[in-house]
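Residue-level structural notes
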Amino acid sequence: VVLAGDHCQLPPTIKSSNQEVQKGLSKTMFERIMEHGQVSRMLKIQYRMHQDIANWASEKMYNGQLLSHDSVKARKLHHLSHVNSGKSDLLNE
């Protein structure tokens, strides 16, 4: 069985006030798997965000190991065809 996920992602949102439910659901499945020493591999290249944003996550959560792919590391909103850049200076900087 191969599972893909991230034990560093946000935990589940629990709306129950029942303490037993909160305790049982407070950890993600991937956190539980990692606690039991299962084999894991980190995917070290991200393809979703500008490297300035990704660098924060890389340093704070992944010991500086997360890298940005060349196709996204300098991409800004106005580079995306489905984003209306209009006349906003913020989008075109």
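My aim in this report is to walk through the structure given alongside it, one point at a time. Worth saying up front: this structure is predicted, and the values here are computed from it rather than measured.

A complete count under the given rule lists two salt bridges for this structure. We note a salt bridge from K27 to E35, for which the minimum N-O separation is 2.4 Å. Between K73 and D70 there is a salt bridge; the shortest N-O distance is 3.0 Å. Under the relative-accessibility criterion, K73 is labelled partly exposed at 30%.

Take helix α3 (residues 51-61) next. Among the residues making up α3, those that are buried are A54, A57 and S58. In an axial view of α3, the angular spread of the buried residues amounts to 100 degrees, which keeps them on one side of the axis. Away from the buried face of α3 by more than 90 degrees, exposed residues D52, W56, E59 and K60 are located. Taken together, the buried residues of α3 touch β1 (45-46) and β2 (67-68).

Thresholds, definitions, all that
- Residues numbered from 1 in each chain as written.
- Predicted model: local features only at pLDDT ≥ 70, side-chain atom pairs only at ≥ 80, totals over all residues.
- Heavy atoms only, no water.
- Salt bridge = Lys/Arg side-chain N within 4 Å of Asp/Glu carboxyl O.
- Buried < 20%, exposed > 50% of the residue type's maximum accessible area, 1.4 Å probe, protein only.
- Helix = DSSP H or I, 4+ residues; strand = E, 2+ residues; numbered from the N terminus.
- Arc of directions from axis to C-beta.
- Contact = heavy atoms within 4.5 Å.

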